[in-house]
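# Chains, contacts and geometry: an overview
What follows is each chain in one-letter form.
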Amino acid sequence: MFRCEYGPEGTLLAQPGNRVYLSSLEGLERAACEGVILEAMAVRCDERFRLTVDLGAVRGYIERDEVMYLPNGESVRDIAVITRVGKAVCFKVMGFYRENGRTVARLSRREAQRECYDAFLSSLLPGDVLDAKVTHLENFGAFVDIGCGLVSLLSIDCISVSRISHPSDRFRVGDRIRVVMKHHDAANGRIFVTQKELLGTWEQNAALFAVGQTVAGIVRSIEPYGIFVELTPNLAGLAEYRPDMTVGQTAAVYIKNIIPERMKLKLVLIDSYRGECEPSRRVEGYPRSVTHIDRWQYSPAASPRVIETIFQ
């Protein structure tokens, strides 16, 4: 039997079971009886803010009030409907009716999201690791789909240890990422997530480099006392201040010293230039088989300063 794993929207689209249900009216009727969650493309939003979904076998509609599950009872905004056009949407088949002599399927994205929240998201614990998809970016963070189109905030300070000026420094809309559940505001049905705990400790990142190497990085911050150059998303080093540098530049740096007890890399700027560049090394702190983290310590044992996250 086809099974929905409550992944981000788009996860089910190409699955054989999903396509079997969509291949005929009989398949859609079976989906309605079994209450399964399916996915298809939303192709149009009409003047009533009703979404037309391409089911293949028949036409499907999601009425405005059925577009989104809002646990706190808010009304669905126009923009929430319009922005679904051209994208995969999850839904349950609620029934059928005749319109202009044709059979039409009545669909509900809200009911699919309600099941996802009740059966999956509401039972998550802080420290649980889950798949997500970046849906849009703001100055303060990235919004990510953590299941059936339900969105969580990944704030900018939780994206990585290395500071960035905007989430677009790290992500693009549509990126598939892993995140950790940080906090569940059950009263408002909101879930907050973090990612930096999955990108390795200081030691794991520093182990990629050695004194005497010259490597490429990105200038992330310029201070009066020096320039921070990111070598990996969870590791930056400090180089001497130069007035001609700007944030976002690519920099070639010589590694002068690595000091674990101070969690410092001393760098010497060799060259810099403008251009699209991302650090070539990215540490995966945990294998994909890990589904929960109780505690994460970024700082090495040799450091008197402890930087950690305890999930409670």
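Below is a summary of the structure that appears in this document. Because the structure is a prediction, the values reported are computed rather than measured.

Spatially, five strands are ordered β11-β12-β13-β15-β14 in a closed barrel, and the strand pairing comes out mixed. When the angles between neighbouring strand axes are averaged without regard to direction, this sheet yields 50°. Relative to strand β15 (residues 264–273), strand β13 (residues 235–239) is paired through two bridges, and the arrangement is parallel. Bridge assignment links A239 to a residue of β15, and that residue is L267.

What follows deals with the packing of aromatic side chains. Inspection of the entire model under this criterion finds five aromatic pairs. An angle of 10° between the planes, with centres 6.0 Å apart, marks the rings of Y6 and F120 as stacked. On the criterion of sequence distance, the pair formed by Y6 in the segment before α1 (16–22) and F120 in the loop between α4 (109–119) and β6 (129–138) is long-range, its members being 114 residues apart. In this structure Y6 comes out as buried when scored by relative accessible area, which is 16%. For F120, a relative accessible area of 23% translates into the label partly exposed. Both rings, one in W296 and one in Y298, keep their centres 5.7 Å apart while their planes meet at 45°; by these two values the pair is tilted. Y298 shares its class with W296; the two are buried. A cation over an aromatic ring shows up here: R50 above the ring of Y61, its NZ or CZ 3.6 Å from the ring centre.

The grouping of K256, R262, K264, K266 and R305 at the surface amounts to a positive patch. Take K256: it is sitting in strand β14 (residues 250–259).

Calculation rules
- Residues numbered from 1 in each chain as written.
- Predicted model: local features only at pLDDT ≥ 70, side-chain atom pairs only at ≥ 80, totals over all residues.
- Heavy atoms only, no water.
- Pairing = 2+ DSSP bridges.
- Helix = DSSP H or I, 4+ residues; strand = E, 2+ residues; numbered from the N terminus.
- Axes fitted to C-alpha atoms, helices over the stretch in contact; angles between N-to-C directions.
- Phe/Tyr/Trp six-rings, centres within 6.5 Å; stacked < 30°, edge-to-face > 60°.
- Buried < 20%, exposed > 50% of the residue type's maximum accessible area, 1.4 Å probe, protein only.
- Lys NZ or Arg CZ within 6 Å of the ring centre and 35° of its normal.
- Patch = residues over 30% accessible without salt bridge, like charges linked within 9 Å, V, L, I, M, F, W, Y side chains within 5 Å.
- Areas by Shrake-Rupley, 256 points an atom, 1.4 Å probe, with all protein chains shown as cover.
- Salt bridge = Lys/Arg side-chain N within 4 Å of Asp/Glu carboxyl O.
- Lys, Arg positive; Asp, Glu negative; His and termini not counted.
- Charge placed at Lys NZ, Arg CZ, Asp CG, Glu CD.

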